[in-house]
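Letter by letter, the chains look like this.
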Amino acid sequence: MTNETGNGKSAVLGLQHLLAMYAGAVAVPLLIGTGLGFNEAQMTYLISIDIFMCGIATLLQLTVNKFFGIGLPVVLGCAIQAVAPLILIGQKQGVGTVYGSIIAAGVFVVLIAGFFSKVEKLFPPIVTGTVITTIGLTLIPVAITKMGGGDAAAPSFGDPTNLVLAAVTILLILAVQVFGRGFVRSIAVLVGLVAGTVLAAFLGKVDLAAIGHAPMFHVPQPFYFGTPKFEPFSILLMIIISIVSMVESTGVYFALGDIVGKKIKEDDLKRGYRAEGLAVVLGGLFNTFPYTGFSQNVGLVQLSGIKTRRPIYFSAIFLIILGLFPKVGALAQIIPEPVLGGGMLVMFGMVAVQGMKMLSKVNYNDEKNLLIIAISIGFGLGFNSMPTLFAKLPETLQMFTGNGIVMSSLSAIVLNLIFHGYEREAK
């Protein structure tokens, strides 16, 4: 398939990327706002500014200059790993401290971008492939939960209607991929989501309440929740989370580089980290949250076969518009959970497959490589499914141990250093 697309087709592809990341982007402000007891007006602002800033953050990464921007078709969204620590900070120190710690962490990321980019040799294919595979496999249970209805504790979870909607969405995506041609094939996920939502509407499963409750227009306001406050422990906690996000983003960068055929160099990483740091600072100033590269959009780039940045520019513009017009943005919220879950299953599966593709470059005749992959994926999936295993450890350590992706990354890096030393390729 050609990588060149016109503006109309790029806009549709951009919409597909937006729908792929929308639920994940909205989930973070919903979880944090609920955890901190925000009222409806505060939640409306939080979701709107979050979507707006996702667009700004994505533009920072797309725009390449000497200082920032990695220039890959990457979409930035709120880092889910920041949810628990930010709720903890907000409950103990107040909302002002939440945003003070985010601003400080963003400045830290900008300052260490140069140093962090110099450790690029820590991420050979055996490490990045293992991490990307783990990310995909870790996210699949999230898709499965949504296929059942979104809340595993709800009486309606696993209702046959939910399963039918999820199955129809998956089958439609498969059908378009198998029988579609050209541009239609590249928007298989979008076709599945739209058609699944239409079917859900006929079955009475589409809730339009989100559109009715949302205001027509919204203006972003810096320091909406008050003056930021800077508290040392909270800043340290957010710096740790930022490092975690940088590790995860590194995997996303290398995966996208592999897909589009671009070798990711030290300068690319430096600009990518700086863009991410700037996005985090802006998030703190406008009272939203830290940003990281969204892995679900990696799967879409792989599926669509479109490797240019143009569709992502449209995604960023759409996100900014949706942030200014909450009623329009609420349209994306009407996609039922089972339909979204069906689409996510395909996308997350593709993320895992991309990781496996990267691992195909590894020499499997070397048993050390087998051990690195086996232990790292085992840590990633195991610790993520049972985070309470480390409940008796200090809270700061739990930020690492309770995150399977982080533990997979750390174990892959450390084991590769032990077995192969500081070399780019595992032999």
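Above this text you will find the structure in question.
Here the structure is a predicted model, which is why all the values come from computation and not from measurement. The residue numbers shown here count from 1 along each chain, following its written sequence. With the structure being a predicted model, the display of local features is reserved for residues of pLDDT at least 70 and the display and counting of side-chain atom pairs for 80 or more, all residues being used for whole-chain, interface and lining totals. To obtain the side-chain values, all non-hydrogen atoms of the structure were included, while hydrogens and water were left out.

1. Some words on the overall build of the chain
Here's step 1: Per the secondary structure count, the chain includes 18 helices and two strands.
Here's step 2: Here the C-alpha atoms of the chain give a radius of gyration of 21 Å, agreeing with the 22 Å that 2.2 N^0.38 yields for 427 residues.
Here's step 3: Along the first, second and third principal axes, the C-alpha set of the chain runs to 60 × 55 × 45 Å.
Here's step 4: The classification of residues rests on relative accessible area computed with a 1.4 Å probe and restricted to protein chains. Under 20% of the type maximum is buried, over 50% is exposed, and intermediate values are partly exposed. Burial status across the chain gives 57% buried among its 427 residues.
Here's step 5: Sequence-distant contacts, at least 24 apart, represent 84% of the contacts inside the chain between residues at least 6 apart.
Here's step 6: Counting every atom, the chain has about 17,000 Å² of accessible surface; 68% of that belongs to carbon and sulfur. Strands are runs of DSSP state E lasting at least two residues, helices are runs of H or I lasting at least four, and both sets are numbered from the N terminus onward. Radius of gyration: over C-alpha atoms. The globule rule applied is 2.2 Å multiplied by the number of residues raised to the 0.38 power. By definition, residues are in contact when any of their heavy atoms lie within 4.5 Å. Only the protein chains shown count as cover for residues, and the accessible areas themselves come from Shrake-Rupley with a 1.4 Å probe.

2. Structural notes on the environment of Gln354
Here's step 1: As for its placement among the helices and strands, Gln354 is situated in helix α15 (residues 337–359).
Here's step 2: Judged by relative accessible area, Gln354 falls into the buried class, the value being 1%.
Here's step 3: Residues Gln354 and Ile312, 42 residues apart in the sequence, show an inter-C-alpha distance of 20 Å.
Here's step 4: The residues contacting Gln354, other than those within four sequence positions of it, are Ile132, Ala255, Asp258, Ile259 and Gln302.

3. Things to note about empty space enclosed by the protein
In this approach a probe as big as a water molecule rolls over the atoms, and the regions it shows empty are the leftover space.
Here's step 1: Buried and open spaces are told apart on a 1 Å grid over the protein atoms alone, a cavity being a set of points where a 1.4 Å probe fits but cannot get out and a pocket being an open set with protein on both sides within 12 Å along at least five of seven lines. Residues with an atom within 4 Å of a point are the lining residues. Grid points are joined across faces, edges and corners, and a volume is the space filled by probe spheres set on the points. Using the criterion set out here, one finds three cavities of 30 Å³ or more in the structure.
Here's step 2: In this structure, the largest cavity encloses a volume near 60 Å³.
Here's step 3: Lining the largest cavity are Ala79, Val109, Met238, Ile241, Ser242, Ser245, Met246, Glu276, Val280, Pro290 and Tyr291.
Here's step 4: Looking at the lining of the largest cavity, the element that brings in the most residues is helix α10 (residues 232–260), giving five residues.
Here's step 5: Approximately 40 Å³ is the volume found for the second largest cavity.
Here's step 6: As for the second largest cavity, its lining consists of Leu13, His17, Pro73, Val301, Ser304, Ile306, Thr308, Pro311 and Ile312.
Here's step 7: Side-chain classes follow a simple rule in which Ala, Val, Leu, Ile, Met, Phe, Trp, Tyr, Cys and Pro form the nonpolar group, Asp, Glu, Lys and Arg form the charged group, and the remainder, Gly included, forms the polar group. For the lining of the second largest cavity, the class distribution of residues is six nonpolar, three polar and no charged.

4. Observations concerning the packing of helix α5 (residues 125–148) against helix α18 (residues 404–420)
Here's step 1: Whenever a helix is involved, its axis is fitted only over the stretch in contact; in every case the axis is a line through C-alpha atoms, and angles between N-to-C directions fall within 0 to 180 degrees. Across the interface, α5 lies against α18 with an axial gap of 9 Å and an inter-helix angle of 160°. One finds that α5 runs roughly antiparallel with respect to α18. Along this stretch, α5 crosses α18, giving a crossing that reads as right-handed. Each of Ile126, Val127, Thr130, Val131, Thr134, Ile135 and Thr138 in α5 lies in contact with α18, whose residues at this interface are Gly404, Ile405, Ser408, Ser409, Ala412, Ile413 and Asn416.
Here's step 2: In terms of residue class, the contact of α5 with α18 is built from seven nonpolar, seven polar and no charged. Any angle that is under 35 degrees is reported as roughly parallel, and any over 145 degrees as roughly antiparallel; angles of 65 to 115 degrees are reported as roughly perpendicular and all others as oblique. Note: crossing handedness is left-handed where the near helix turns anticlockwise from the far helix by less than a right angle, and right-handed where it turns clockwise.

5. What to know about the packing of aromatic side chains
Here's step 1: Here a pair means two rings of Phe, Tyr or Trp (six-membered ring of Trp) with centres within 6.5 Å. Their orientation is stacked below 30 degrees between planes, edge-to-face above 60, and tilted elsewhere. Evaluated as defined, the whole model comprises 13 aromatic pairs.
Here's step 2: Considering the side-chain rings of Tyr99 and Phe225, the 6.1 Å spacing of their centres and the 5° angle between planes classify their relative orientation as stacked. With a gap of 126 residues between them, Tyr99 in helix α4 (residues 95–117) and Phe225 in the loop between α9 (209–213) and α10 connect regions that are remote in the sequence. You'll find Tyr99 and Phe225 in the same group, each marked buried.

6. Some points on the pattern of salt bridges
Where side chains of opposite charge bring their charged atoms close, a pairing between them can arise.
Here's step 1: By convention in these notes, a salt bridge is any Lys or Arg side-chain nitrogen within 4 Å of a carboxyl oxygen on Asp or Glu. Taken as a whole, this structure holds six salt bridges when the rule is applied.
Here's step 2: One salt bridge in this structure joins Asp268 and Arg271, with 2.8 Å as the shortest N-O distance. Remark: Arg271 and Asp268 occur in helix α11 (residues 266–285); sequence separation between them is three residues, near one turn of the helix.
Here's step 3: Overall, Arg271 belongs to the buried group, its relative accessible area being 14%.

7. Structural notes on α4
Each α-helix winds once per 3.6 residues, and so residues spaced three or four apart point in a common direction.
Here's step 1: By definition here, a helix of n residues has an expected span of 1.5 Å times n minus one. End to end, α4 covers 32 Å across 23 residues, agreeing with the expected 33 Å (1.5 Å per residue, within 8%).
Here's step 2: Fitting one axis to the seven residues ending at a residue and another to the seven starting there, the bend at that residue is the angle between the two axes. At Leu111, α4 is bent by approximately 45°, the largest bend along its length.
Here's step 3: Of all the 23 residues making up α4, 18 are buried; the element is thus mostly covered by neighbouring parts of the structure.

8. Let's talk about the nonpolar core
Here's step 1: Throughout, nonpolar core names a set of buried Ala, Val, Leu, Ile, Met, Phe, Trp, Tyr and Cys residues whose side chains join them through atoms within 4.5 Å. Residues Ile32, Leu86, Ile102, Met238, Phe289 and Tyr291 are the most contacted members of the largest nonpolar core, which totals 119 residues.
Here's step 2: The element best represented in this core is α10, accounting for 13 residues.

9. Some points on unusual backbone geometry
Here's step 1: Positioned with a positive phi, Phe223 is a non-glycine residue whose angle comes to about 55°.
Here's step 2: Structurally, Phe223 can be placed in the loop between α9 and α10.
Here's step 3: Positive phi, close to 60°, is recorded for Asn287, a residue that is not glycine.
Here's step 4: Its place among the elements puts Asn287 in the loop between α11 and β2 (291–293).

10. Some words on the packing of α4 against α11
Here's step 1: Contact geometry of α4 with α11 gives a least axis separation of 7 Å together with a crossing angle of 170°. By the angle between their axes, α4 is roughly antiparallel relative to α11. On the side of α4, the interface is formed by Tyr99, Ile102, Ile103, Gly106, Val107, Val109, Val110, Ala113, Gly114, Phe116 and Ser117, while α11 contributes Glu266, Leu269, Lys270, Tyr273, Arg274, Gly277, Leu278, Val280, Val281, Gly283, Gly284 and Leu285.

11. Observations regarding helix α6 (residues 160–179)
Here's step 1: Over its 20 residues, α6 extends 28 Å from the first C-alpha to the last, a length consistent with the 28 Å expected when each residue adds 1.5 Å.
Here's step 2: All of the buried residues in α6 are Asn162, Leu165, Ala166, Thr169, Ile170, Ile173, Val176 and Gln177. For α6, the angular spread of the buried residues around the axis is 130°, confining them to a single face. Seen from the open side of α6, the exposed residues pointing more than 90 degrees away from its buried face are Pro160, Leu171, Val178 and Phe179.
Here's step 3: Pairs of N or O atoms are called polar contacts if they sit within 3.5 Å, as long as, within protein, a hydrogen donor faces a hydrogen acceptor (for residues adjacent in sequence, only side-chain-to-side-chain pairs). Sitting at the head of α6, Asp159 places a side-chain oxygen 2.9 Å from the backbone nitrogen of Thr161. Directions pointing from the helix axis toward each C-beta atom define the arc.

12. Section: a nonpolar patch on the surface
Here's step 1: Each patch is assembled from residues with relative accessible area greater than 30% and no salt bridge, linking like charges that lie within 9 Å and nonpolar side chains (Val, Leu, Ile, Met, Phe, Trp, Tyr) that lie within 5 Å. A cluster of nonpolar side chains, namely Met216, Phe217, Val219, Ile317, Ile321, Phe325 and Val328, defines an oily patch on the protein surface of about 620 Å² accessible area.
Here's step 2: With respect to the helices, strands and loops of the structure, Met216 is situated in the loop between α9 and α10.

Just distances and angles here, no functional claims.
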